[in-house]
Amino acid sequence: MKALSLLCLIAGLGFGVAGGWIQAKALLAQWLLEAAWNRSLADGQVHRPWPWADHWPVARLSFPGQGRSFIVLEGDQGHALAFAPGHQPQSGLGADERRIVISGHRDTHFRLLAELQPGDPVRLQTRLGEYRFTVEGAQVLDSREHRLALYPDRRLQLVTCWPFEALSSRGPMRYLVTAEPQINL
């Protein structure tokens with residue numbers, strides 16, 4: 001009985017340490033992303049958050065009504081989205097006339113997309129300036145039938161998986177928030 005108790009205690013401690021390590025890595029990653037973004041703003045250069053990273057901060061996306069902001073990484077693949085929302089590389093980034101597309105996970109950073117309402121403000125800070133947007137609306141699309149078009153209209157599109165409460169990942173449905181550009185500061 002003592003051996004079983006000791007084994008359960010060791011297993012419990014192991015799970016606790018593993019869970020704590022994941023949370024610690026997530027906090028450390030956010031601090032490193034923030035530091036890399038601040039260095040980019042200071043000198044206008046690309047700075048990776050850690051030496052082996054294959055992504056780097058390109059913007060800060062803010063939702064004033066929700067009191068939240070996120071560093072946006074270049075690239076919208078899994079390795080970037082694990083840490084922050086990601087900028088679709090072929091889309092614009094505010095300084096040109098192309099639509100801006102930013103993706104994020106529905107169960108982490110972009111869970112708040114469900115809270116956005118038409119008229120809500122959204123801000124995007126890049127190394128070249130700050131851009132303001134107003135939420136137009138949201139829609140659900142099937143990614144098997146619809147592809148995002150990169151129109152030359154300077155709108156901001158925020159994309160995540162849908163439904164928000166899905167138990168499995170990698171479903172075909174997408175939740176798409178579109179925001180109109182306002183004046184450039």
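Everything below is about the structure shown above.
What counts and how
Residues numbered from 1 in each chain as written. Predicted model: local features only at pLDDT ≥ 70, side-chain atom pairs only at ≥ 80, totals over all residues. Heavy atoms only, no water. Core = buried A, V, L, I, M, F, W, Y, C linked by side-chain atoms within 4.5 Å. Buried < 20%, exposed > 50% of the residue type's maximum accessible area, 1.4 Å probe, protein only. Helix = DSSP H or I, 4+ residues; strand = E, 2+ residues; numbered from the N terminus. Contact = heavy atoms within 4.5 Å. Salt bridge = Lys/Arg side-chain N within 4 Å of Asp/Glu carboxyl O. Phe/Tyr/Trp six-rings, centres within 6.5 Å; stacked < 30°, edge-to-face > 60°.

1. Points about the nonpolar core
Right, on to step 1. Formed by 23 residues in total, the largest nonpolar core has its most connected members in Leu-61, Phe-63, Ile-102, Leu-113, Leu-156 and Leu-158.
Right, on to step 2. For this core, the element with the most residues is strand β1 (residues 57–63), which contributes 4 residues.
Right, on to step 3. In this structure, Leu-61 is in contact with Arg-68, Ser-69, Phe-70, Val-72, Ile-102, Phe-110, Val-122, Arg-123, Leu-124, Leu-156 and Leu-158, ignoring residues within four places of it in sequence.
Right, on to step 4. Residues Ala-29, Trp-50, Ile-71 and Ala-84 belong to the second largest nonpolar core, which totals 10 residues.

2. Notes on the pattern of salt bridges
Right, on to step 1. The final tally for this structure, using the stated rule, is 8 salt bridges.
Right, on to step 2. One salt bridge connects Glu-97 with Arg-154, and the closest N-O pair in it is separated by 3.8 Å. Within this pair, whereas Glu-97 is found in the loop between β3 (86–87) and β4 (100–103), its partner Arg-154 is found in the loop between β6 (129–142) and β7 (156–161), the two being separated by 57 residues in sequence.
Right, on to step 3. On the accessibility criterion, Glu-97 (47% relative accessible area) is partly exposed.
Right, on to step 4. Among the charged side chains, a network of salt bridges with common partners joins Arg-99, Glu-136, Asp-153 and Arg-155.

3. A word on the packing of aromatic side chains
Right, on to step 1. Evaluation of the coordinates by the stated rule reveals 3 aromatic pairs.
Right, on to step 2. A centroid spacing of 4.9 Å and a plane angle of 65° characterise the contact between Trp-50 and Phe-83, whose relative ring orientation is edge-to-face. Here Trp-50 is found in the loop between α1 (2–43) and β1, whereas its partner Phe-83 is found in the loop between α2 (78–81) and β3, with 33 residues between them in sequence.
Right, on to step 3. Judged by its relative accessible area of 9%, Trp-50 is buried.
Right, on to step 4. For Phe-83, a relative accessible area of 27% gives the class partly exposed.
Right, on to step 5. Taking 6.3 Å as the distance between ring centres and 70° as the angle between the ring planes, the aromatic pair formed by Phe-63 and Phe-70 counts as edge-to-face.
Right, on to step 6. A relative accessible area of 0% means that Phe-63 is categorised as buried.

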